[in-house]
Amino acid sequence: MTKKQIILTGDRPTGPLHLGHYVGSLANRVKLQNDYQQFVMLADVQALTDNYEHPEKVRANVLEVALDYLAVGVDPNKSTIFIQSMIPEIAELTIFFLNFVSVARLRRNPTVKNEIVQKGYGDQVSAGFLMYPVSQAADITIVKGTLVPVGEDQAPMIEQTNELVRAFNRTYKTDVLKEAKALIPKISRLPGIDGKAKMSKSLGNAISLSDSADVVAKKVMKMFTDPDHIRVEDPGKIEGNTVFSYLDIFDENKDEVAELKAHYERGGLGDVKVKRRLIDVLNAFLDPIRERREQLIKDPKAVMDIVLKGTQKTREVSAQTMDEVRKAMHLNY
Ligand code: TRP
């Protein structure tokens, strides 16, 4: 089978990947690698835009995230895993793209706007941080990626990418660059264990793919449920109840989950019982991932070799794209 469409996707290596990553994008990547030519990027340059004072942290997490990818089932025989900072062509294309976007437009990017507030940057936001969506557009277009499996918070990035692609192609009368489509799962956001809308390591409400069974059990036991469900015999609420949100996603026995919900709503079903079930479900899901990770971590050099080989391949593809880009711009001296 020929793999026609190209996928480009990736993560900032700032911490271990968690269940939110799995639901938002990893599950899709593992599935889609069979039918698409997939590039998965360790976005260390982007990670530095808000961690430039801690390059050692980013470096350590490049290995962690690579381990997470392989453990979860990203298969190096089907997908190309690579390191962003080792592809100078991305930086080059970013510079050319920057002419096509105003600072005002960058400030309006909803995801960036949120992050600026969250991180308290205000007017002091660095140029590097403000323009990371442009760099992300280069990540995608340098390999001519047309499909990008990501969580919903990344949709504005794909929109900006396509604006740049259109402006570039129009201006230089070319079609070298391709527009991309975000692939966002129907349920793309997993709440944190605290019940907050989004699971995120920085919010301290995440369950990592590499958490031990004990840690998972402790986190589930602390999980937000229905604050008004005080005694076992009280009727409980399902909506906004994190434990049930997780069961909906990870428990394959939908009939039993439906029964549990009905029982919970009637009253007579305690939180601890439901939580015990979720602990079993999550650990059954995570066990094989943890096992693979433990095997892989015994030989970190072999893991880095996989990543470096993928990087080599990505460089070849990127150099080809840049040749075409330079030609379109009359820079092929
Ligand atoms: N912005 C993404 C995140 O924060 C990471 C990323 C960088 C990315 N480059 C990308 C995702 C290209 C998809 C495509 O998680």
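All residue numbers here refer to positions counted from 1 along the written sequence of the relevant chain. Per-residue local features are limited, in this predicted model, to residues with pLDDT of at least 70; the limit for side-chain atom pairs, both in listing and counting, is 80 or more; totals at the level of whole chains, interfaces and linings are taken over all residues. Just so you know, side-chain values use all the structure's heavy atoms and leave hydrogens and water out.

Enquirer: Lay out the site of the ligand in plain terms, naming residues and giving numbers.
Expert: Summary of the distance rule: residues count as near a molecule or strand when at least one heavy atom falls within 4 Å of that molecule or strand. What surrounds the ligand is a group of 14 residues, the closest being M41, Q46, Q136, D139 and Q154. Under the rule applied, a polar contact is a pair of N or O atoms within 3.5 Å (in protein, one hydrogen donor and one hydrogen acceptor; residues adjacent in sequence only if both atoms are side-chain atoms). Interatomic distance of 3.3 Å between a side-chain N/O atom of R12 and an oxygen atom of the ligand. In this structure, Q136 approaches the ligand through a side-chain N or O atom, which is 3.0 Å from a nitrogen atom. Here, Shrake-Rupley sampling with a 1.4 Å probe gives the accessible areas, and only protein chains in the shown set may cover a residue. Here the ligand has 370 Å² of accessible area as a free molecule, and 90% of this is covered by the chains. Only DSSP runs of H or I reaching four residues or more are called helices, and only runs of E reaching two or more are called strands; each is numbered from the N terminus. Every element with two or more residues in the shell around the ligand is listed here: β1 (6–11) and α8 (132–142). Gly is placed with the polar residues, together with every amino acid not listed as nonpolar (Ala, Val, Leu, Ile, Met, Phe, Trp, Tyr, Cys and Pro) or charged (Asp, Glu, Lys and Arg). Taken together, the residues that form the shell around the ligand break down as six nonpolar, five polar and three charged.

Enquirer: Now, about the nonpolar core: what can you tell me, with residues and values included?
Expert: If you look at the biggest cluster of nonpolar residues, it comprises 45 residues, and the most contacted ones within it are L19, L42, Y69, I207, Y246 and L282. Among the elements that take part in this core, helix α3 (residues 55–72) stands out by supplying eight residues, more than any other. Mapping this core onto the domain boundaries places at least three of its residues in each of domain 1 (6–190 + 300–328) and domain 2 (213–293). Whether two residues are in contact is decided by their heavy atoms, any of which lying within 4.5 Å being enough. Non-local contacts of L19, meaning those with residues more than four positions away in its chain, are made with L190, M199, I207, L209, Y246, F250, L282, F285 and L286. Joining through side-chain atoms within 4.5 Å is the link that ties buried Ala, Val, Leu, Ile, Met, Phe, Trp, Tyr and Cys residues into a set, and such a set is a nonpolar core. Exposure classes here rest on a 1.4 Å probe applied to the protein chains alone. A residue is buried below 20% of its type maximum, exposed above 50%, and partly exposed in between. What counts as a domain boundary in this text is fixed by an automatic or database domain assignment.

Enquirer: Mind laying out the packing of helix α4 (residues 88–98) against α8, listing which residues take part and the relevant values?
Expert: Fitting a line to C-alpha atoms yields each axis, with helices limited to the stretch in contact; the angle taken between N-to-C directions then spans 0 to 180 degrees. As a packed pair, α4 and α8 sit with axes 8 Å apart at the nearest point and diverge in direction by 120°. When the axis of α4 is compared with that of α8, the two are oblique. Along this stretch, α4 crosses α8, giving a crossing that reads as right-handed. Residue-level inspection shows E89, I90, L93, T94, F97 and L98 of α4 in contact with α8, the latter providing V134, S135, A137, A138, D139, T141 and I142. Residue composition of the contact of α4 with α8, grouped by class: eight nonpolar, three polar and two charged. When describing relative orientation, an angle under 35 degrees is termed roughly parallel and one over 145 degrees roughly antiparallel, while 65 to 115 degrees is termed roughly perpendicular and anything else oblique. Left-handed describes a crossing in which the near helix is turned anticlockwise from the far one by less than a right angle; the clockwise case is right-handed.

Enquirer: Tell me about the domain arrangement of the chain, and please be specific about residues and values.
Expert: Assigned domains within the chain: domain 1 (6–190 + 300–328) and domain 2 (213–293). Taken over C-alpha atoms, the centre of domain 1 sits 34 Å from the centre of domain 2. Tallying the contact residues gives twelve residues for domain 1 and nine residues for domain 2. Accessible area, probed at 1.4 Å, shrinks when two parts are joined; the buried area is that loss added up over both. For the pair domain 1 and domain 2, the two sides together bury roughly 940 Å², of which 73% comes from carbon and sulfur. By the criterion of area lost to domain 2, the three top residues of domain 1 are L19, A71 and L190, representing 52% of everything that side buries. Salt bridge criterion: a side-chain nitrogen from Lys or Arg within 4 Å of a carboxyl oxygen from Asp or Glu. Here domain 1 is connected to domain 2 by two salt bridges.

Enquirer: Lay out the packing of aromatic side chains with the relevant residues and their values.
Expert: Here is the rule: rings of Phe, Tyr and Trp (six-membered ring for Trp) pair when centre to centre is within 6.5 Å. Planes less than 30 degrees apart are stacked, more than 60 are edge-to-face, and the remainder are tilted. Under the criterion given, the structure shown has ten aromatic pairs. Here Y121 and F129 contribute two aromatic rings whose centre-to-centre distance is 5.2 Å and whose plane-to-plane angle is 75°, an arrangement assigned as edge-to-face. One aromatic cluster is present, formed by F97, F100, F168 and Y172 through successive ring pairs. Two conditions define a charge sitting above a ring: the NZ of Lys or the CZ of Arg must be within 6 Å of the ring centre, and it must be within 35 degrees of the ring normal. In this structure, R12 packs its charged tip against the face of Y132, placed 4.6 Å from the ring centre.

Enquirer: Explain the environment of M157 to me, and be specific about the residues and the numbers.
Expert: Looking at the secondary structure, you find M157 in helix α9 (residues 155–171). For M157, a relative accessible area of 0% gives the class buried. The spacing of M157 and P110 is 47 residues in sequence and 9.2 Å in space, taken between C-alpha atoms.

Enquirer: Please provide a residue-by-residue account of unusual backbone geometry, values included.
Expert: Backbone geometry follows two general trends: most residues other than glycine have a negative phi, and most peptide bonds adopt the trans configuration. Even without glycine at this site, K144 takes up a positive phi of about 60°. Note on placement: K144 falls in the loop between α8 and β4 (147–149). One non-glycine residue, K173, adopts positive backbone phi at about 45°. Checked against the element boundaries, K173 lands in the loop between α9 and β5 (181–183).

Enquirer: Mind laying out α8, listing which residues take part and the relevant values?
Expert: Taken across its eleven residues, α8 has eleven buried, putting it largely inside the fold. For α8, the set of buried residues is Y132, P133, V134, S135, Q136, A137, A138, D139, I140, T141 and I142. One or two residues past the end of α8 sits K144, with phi positive at roughly 60°.

Enquirer: Just give me the short version of helix α12 (residues 254–266), but keep the residues and values in it.
Expert: To estimate how far a helix should reach, multiply one less than its number of residues by 1.5 Å. The terminal C-alpha atoms of α12 lie 18 Å apart, and with 13 residues this matches the ideal 18 Å at 1.5 Å per residue to within 8%. Those residues of α12 that sit buried are V257, L260 and Y264. One face of α12 carries all of its buried residues, which in axial projection span an arc of 60°. Among the exposed residues of α12, those pointing more than 90 degrees away from its buried face are D255, E259 and R266. On its buried face, α12 sits against α11 (242–250) and α13 (271–297). Directly beyond the C-terminal end of α12, a positive phi value near 105° is found at G267. Note: the arc covers the axis-to-C-beta directions of the helix.

Enquirer: Let's hear about the side chain of S200: which residues, and what values?
Expert: Here S200 is to be found in the loop between β5 and α10 (213–221). Only 2.9 Å separates the side chain of S200 from the side chain of S202, close enough to count as a polar contact.

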